[in-house]
Amino acid sequence: MDNTDLLSGYLLTCAAISLSVLFWFTTMKDQLFAAPIAQLGDFCFDEKVVEVFPDMIQRSVPGYSNILSAIGMMTARFAQPGSNLYDLGCSLGAATQMMRRNIAHADCQIIGVDNSAPMVERCRQHLATYKSAVAIEIRQADIQAVEIENASVVVLNFTLQFIEPAERITLLRRIYAGLRPGGILILSEKFRFDDADVSDLLVELHLDFKRANGYSELEISQKRTLLENVLRADSVDNHKQRLQDAGFEHIDLWFQCFNFGSIVAIKDKGAVA
C-alpha cells in the first residue's frame, strides 16, 4: 500500500467520523420552510432551527462534512501543548467535537462560543455525552467580545458572514494577536464572485445541490429571503486581503465547492507572540 492509498483511507475515515458527528446530534428533518410563511423576517438560530440544524446544514452547505474532517486533521497538526483552541460560532459543537477527537495533548482546552442560547444549551448536552481528557468550555457570548489568548487553533466555521463587514477586521486582528506563533485560523464561508457569469453558474449549481437534497422551490426561496439581510458574503480576494491586513503571513484557499469554501490563515512561527 503506497502513501496515496494510506491518505485516501485516512480521508475516508475522517469523512465517516465527521458524518457520524453530524447525525449524532439529531435525525429530525428540516421542514421549517416547507409551508408558506405569511410574514418573513430575518433568519435567527432559535429553538426551531436548533432542532433541525444538522440536517439543514448538511443539505444546504456543499462540502460541509469535508470541512469538518479537515478541521480535525489540521487540529492534529497545529494544536500546541498547553494552548487554547477556539470554535467561534460553535452552534451544536460539530467542529468542537472534531477538534477534541484530534488533539494529541491532554493539557489543551477548547473554548466554544455562540450567542444563541438554544444552541449553547443543546451543544453542552451533546458534548457531555462524550468522554475526553481534553477540557471543553462552551460559552454563551458575542464572539466579538470574547478575549482570544494563548491560542493555537481558531475556527470560524460559517460565522464571519453573519458579522457586519466593517467589524470583521477588528475580530480578525484580535484573533491574530491571540494566536501563538505558528497558530492557525480556519475560516469557512459562503463566497460571492465579481464575475457575473461565474457567480450565476455557482449559485445555480448550489441551488441544484439543494434541490437534489430534497428542498422545494418554496423552501429555497423563503430561506433565501430570511437570510438576505443577515448573511453578507464576501469574495475570496476580500477575505485574503482582510486576513493580510489583520497580520496573517500565510493565507490561501484550501477548499471550495460551488460558492462555499474554506481558507487557512497561519501566523508565522517567527512572529512576535
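Residues numbered from 1 in each chain as written. Predicted model: local features only at pLDDT ≥ 70, side-chain atom pairs only at ≥ 80, totals over all residues. Heavy atoms only, no water.

Quick word on helix 5 (residues 117–128)
In step 1: For helix 5, built from 12 residues, the straight-helix expectation of 16 Å at 1.5 Å per residue is met to within 8% by its first-to-last C-alpha distance of 17 Å.
In step 2: Those residues of helix 5 not exposed but buried are Met119, Val120, Cys123, His126 and Leu127. In a view along the axis of helix 5, the buried residues occupy a sector of 130°, so they form one face of it. (Helix = DSSP H or I, 4+ residues; strand = E, 2+ residues; numbered from the N terminus. Expected span 1.5 Å × (residues − 1). Buried < 20%, exposed > 50% of the residue type's maximum accessible area, 1.4 Å probe, protein only. Arc of directions from axis to C-beta.)

Regarding the nonpolar core
In step 1: Phe43 and Leu85 are the most contacted members of the largest nonpolar core, which has 43 residues in total.
In step 2: Of all the secondary structure elements, the ones that give two or more residues to this core are helix 2 (47–60), helix 3 (64–78), helix 4 (94–102), strand 4 (151–157), strand 5 (179–190), helix 8 (217–227) and strand 7 (260–266).
In step 3: By residue number, the principal contributor to this core is helix 3, which donates seven residues.
In step 4: If sequence neighbours within four positions are ignored, Leu85 has contacts with Thr75, Ala79, Met99, Ile103, Cys108, Gln109, Ile110, Ile111, Ser152 and Val153.
In step 5: Counting residues in hydrophobic clusters, the runner-up holds 28 residues, among them Ile111, Ile143, Leu172 and Leu187. (Core = buried A, V, L, I, M, F, W, Y, C linked by side-chain atoms within 4.5 Å. Contact = heavy atoms within 4.5 Å.)

Topic: the pairing of strand 4
In step 1: Burial runs high along strand 4: seven of the seven residues are buried.
In step 2: Bridging between strand 1 (residues 84–88) and strand 4 involves four bridges; their strand directions are parallel. Within the sheet, the bridge partner assigned to Tyr86 lies in strand 4 and is Val154.
In step 3: Both strand 4 and strand 5 contribute to a ladder of six bridges, which runs parallel. What sits directly across from Leu156, in strand 5, is Leu187. (Pairing = 2+ DSSP bridges.)

Quick notes on unusual backbone geometry
In step 1: Here the phi dihedral of Asn150 falls at roughly 50°; this positive angle occurs in a residue that is not glycine.
In step 2: Note that Asn150 resides in the loop between strand 3 (135–140) and strand 4.
In step 3: Phi at Phe158 takes a positive value of approximately 60°, unusual for a residue other than glycine.
In step 4: With respect to the secondary-structure elements, Phe158 resides in the loop between strand 4 and helix 6 (165–178).
In step 5: Judged by relative accessible area, Phe158 falls into the buried class, the value being 8%.

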